[in-house]
Amino acid sequence: FDLAIRAVPGQRDLVWPDLDSCHIARVGLIAIASAELAGTSPRAEDLPWIWHEEMTAKLILMQNAGLDPTRLKRARIGSPNLQLEAVRQGIGVTIFNEQFARPLIDAGEIVEIPLPVKQSADYFAVTPKGPQHPLVGPFVDWLRGLLDGHPASREAASPSGRHSL
């Protein structure tokens with residue numbers, strides 16, 4: 001692989017043995033649901049939660065947010081790529097990147113569900129040790145800008161294309 005992007009709950013100083021990594025950004029996380037589903041109960045614990053493959057990090061976030069995943073109603077969707085559409089369709093609640101959810105909330109497409117404890121995640125770029133593909137650095141710069149709310153322009157990328165994680 002040339003590059004992996006990892007979102008990890010509350011682990012800013014994480015190190016992967018035998019790999020290079022750099023912290024990209026810390027982002028706020030919120031619970032989101034359709035307005036219709038949110039209207040069925042004021043408590044996050046009483047609503048169905050979207051369940052998908054590869055839930056380890058999400059389960060940690062749920063526990064850290066004050067929820068007991070073993071007691072939550074589950075709405076299974078299979079792939080995590082379907083989360084946002086499942087939320088829009090009123091299937092369940094999920095924890096989502098606040099920056100990406102906020103425009104949808106402002107547009108009235110979804111609503112925020114209050115969590116007992118506010119959450120965040122840290123995004124990392126992870127690469128094999130050694131020479132990097134020339135597009136890794138510009139992509140990481142762009143992603144850092146996107147997550148910080150300031151997308152990097154092409155002019156801001158290194159003219160040589162060489163970036164060090």
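Residues numbered from 1 in each chain as written. Predicted model: local features only at pLDDT ≥ 70, side-chain atom pairs only at ≥ 80, totals over all residues. Heavy atoms only, no water.

1. A few points about the overall build of the protein chain
For the record, the criterion: Only DSSP runs of H or I with at least four residues qualify as helices, and only runs of E with at least two residues qualify as strands; both kinds are numbered from the N terminus onward. By the convention used here, residues are in contact when the closest approach between their heavy atoms is within 4.5 Å.
When its secondary structure is counted, the protein chain shows five helices and seven strands. Starting at the N terminus, the α and β elements of the protein chain follow one another as β-β-α-β-α-β-α-β-α-β-β-α. Reported as C-alpha extents along the three principal axes, the dimensions of the protein chain are approximately 55 × 35 × 25 Å. Across the protein chain, the fraction of contacts at a sequence separation of at least 24, relative to all contacts at a separation of at least 6, is 78%.

2. Here's the deal with the pattern of salt bridges
To keep it simple, the criterion reads: A side-chain nitrogen of Lys or Arg and a carboxyl oxygen of Asp or Glu constitute a salt bridge if their distance falls within 4 Å. Under the scheme applied here, a residue whose accessible area is under 20% of the maximum for its type counts as buried, over 50% as exposed, and between as partly exposed, the area being computed with a 1.4 Å probe on protein chains only.
Counted by the stated rule, this structure contains nine salt bridges. The residue Asp122 makes a salt bridge to Arg26 at a minimum N-O spacing of 2.8 Å. Of this pair, Asp122 sits in strand 7 (residues 119-128) while Arg26 sits in strand 2 (residues 19-33), placing them 96 residues apart in sequence. Residue Lys118 pairs with Glu98 through a salt bridge whose shortest N-O separation is 3.5 Å. Placement of the pair is Lys118 in the loop between strand 6 (111-113) and strand 7 and Glu98 in helix 4 (residues 98-106), with a sequence separation of 20 residues. Judged by its relative accessible area of 55%, Lys118 is exposed. Residue class for Glu98 comes out partly exposed when judged on its relative accessible area of 22%. Through salt bridges with shared partners, one network takes in Glu98, Arg102, Glu112 and Lys118.

3. Considerations on the confidence of the model for the protein chain
Any segment with low pLDDT has predicted coordinates that should not be analysed in fine detail. For clarity, the threshold we go by: pLDDT measures how confident the predictor is about each residue, on a scale from 0 to 100.
Residues of the protein chain with pLDDT of at least 70 account for 90%, and the chain-wide mean is 87. Throughout residues 153-164 the model reports pLDDT below 50, and contacts reaching past four residues in sequence, or to other chains, amount to 11 contacts.

4. Some points on helix 4
What counts, and what does not: To obtain the arc, one takes the directions from the helix axis to the C-beta atoms. N or O atoms within 3.5 Å of each other form a polar contact, as long as, within protein, one can give a hydrogen and the other can take it, and as long as residues adjacent in sequence are counted only when both atoms are side-chain atoms.
For helix 4, every residue scored as buried is listed here: Ala101, Leu104 and Ile105. Here the buried residues of helix 4 occupy an arc of 100° about the axis, which is enough to place them on one side. Where helix 4 is buried, its residues touch strand 2, helix 3 (83-88), strand 5 (94-97) and strand 6. One side-chain oxygen at the N-terminal end of helix 4 lies 2.8 Å from the backbone nitrogen of Gln99; it belongs to Asn97. The first or second residue beyond helix 4 is Gly108, which carries a positive phi of 80°.

5. Here we look at unusual backbone geometry
Note on backbone geometry: most residues besides glycine have negative phi, and most peptide bonds are trans. Phi is positive for Asp18, which is not a glycine, with a value near 65°. Looking at the element boundaries, Asp18 is found in the loop between strand 1 (4-9) and strand 2. Despite not being glycine, Glu54 has its phi angle at roughly 60°, a positive value. By the element assignment, Glu54 lies in the loop between strand 3 (48-52) and helix 2 (56-64).

6. So, the packing of aromatic side chains
In this description, an aromatic ring pair is defined by two values, namely the gap between the centres and the angle between the planes. Basically, it comes down to this: Only Phe, Tyr and Trp rings are paired, with Trp represented by its six-membered ring, and only when their centres lie within 6.5 Å; those with planes under 30 degrees apart are stacked, over 60 edge-to-face, the remainder tilted.
What the rule picks out here adds up to two aromatic pairs. For the pair Phe139 and Trp142, a centre-to-centre distance of 5.6 Å together with 35° between the ring planes defines the contact as tilted. Here Phe139 and its partner Trp142 are both found in helix 5 (residues 136-148), three residues apart, which amounts to about one turn of the helix. Since its relative accessible area comes to 34%, Phe139 is described here as partly exposed.

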